[in-house]
Amino acid sequence: MPTDAFLADCRARLAFDLLSNTWNAVVLWALRDGPRRPVELRERIGGISSKVLTETLRRLQSNGLVQRRAHPGAPPRVDYQLTALGRTLLAPIDAVGAWAFEHGDEVMAAQEARCTAVQCPSE
């Protein structure tokens, strides 16, 4: 099995692809405390549309990281929870979050310095 992360069939690249999507890690982190309904996830996350949340949940489900559970009744109810495999990504997500907390100001300062140098439009 290749270990070069730049090769298409490398498992490390698979992990990088999973975590490179903006919403994957956010949704996984939002599910860390237990099952949530989609509306609860949207409220907890903020800034994510229903469409993007649905796409993200389907992608995470297809990768075996999230389980969808349908509950019978009227109206039908659906919730999502992390699988055992999904839980294994919480530690790496936490590590990246800790890095961002420690170094985020430095990154933002570098962005501001570059923006000032090239006259970026204000947002």
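Being a predicted model, the structure only gives us computed values, none of them experimental.

## Looking at the environment of valine 26
Thinking step 1. Within the element layout of this structure, valine 26 appears in helix H2 (residues 22-30).
Thinking step 2. Separated by 67 residues in the primary sequence, valine 26 and isoleucine 93 place their C-alpha atoms 8.7 Å from one another.

## Comments concerning the side chain of aspartate 79
Thinking step 1. Looking at where aspartate 79 falls in the secondary structure, it is placed in strand S2 (residues 77-82).
Thinking step 2. Classification of aspartate 79 by relative accessible area gives buried; the value is 4%.
Thinking step 3. Within the local environment of aspartate 79, its side chain forms a polar contact with the side chain of histidine 71, the two groups lying 3.0 Å apart.
Thinking step 4. If we ignore the near neighbours within four places in the chain, the residues touching aspartate 79 are Pro35, Arg36, Arg37, Gln67, Arg68, Arg69 and His71.

## Looking at the UniProt feature "domain: HTH hxlR-type" (unreviewed entry) in the chain
Thinking step 1. Taken from the UniProt record, the annotation "domain: HTH hxlR-type" (unreviewed entry) applies to residues 10-108.
Thinking step 2. With 64% helix and 12% strand, residues 10-108 has end C-alpha atoms that lie 32 Å from one another.

## Remarks on H2
Thinking step 1. Considered for burial, the residues of H2 that qualify are Asn24, Ala25, Val27, Leu28 and Ala30.
Thinking step 2. Its buried side turned inward, H2 meets helix H1 (11-20), helix H3 (38-45), helix H4 (50-62), strand S1 (66-71), S2 and helix H6 (90-118).
Thinking step 3. Backbone nitrogen of tryptophan 23 and a side-chain oxygen of the N-cap are separated by 2.8 Å at the start of H2; the cap is asparagine 21.

Conventions used here
- Residues numbered from 1 in each chain as written.
- Predicted model: local features only at pLDDT ≥ 70, side-chain atom pairs only at ≥ 80, totals over all residues.
- Heavy atoms only, no water.
- Helix = DSSP H or I, 4+ residues; strand = E, 2+ residues; numbered from the N terminus.
- Buried < 20%, exposed > 50% of the residue type's maximum accessible area, 1.4 Å probe, protein only.
- Polar contact = N/O pair within 3.5 Å; in protein donor to acceptor, adjacent residues only side chain to side chain.
- Contact = heavy atoms within 4.5 Å.
- UniProt positions renumbered as here; feature names shortened; annotations may be inferred.

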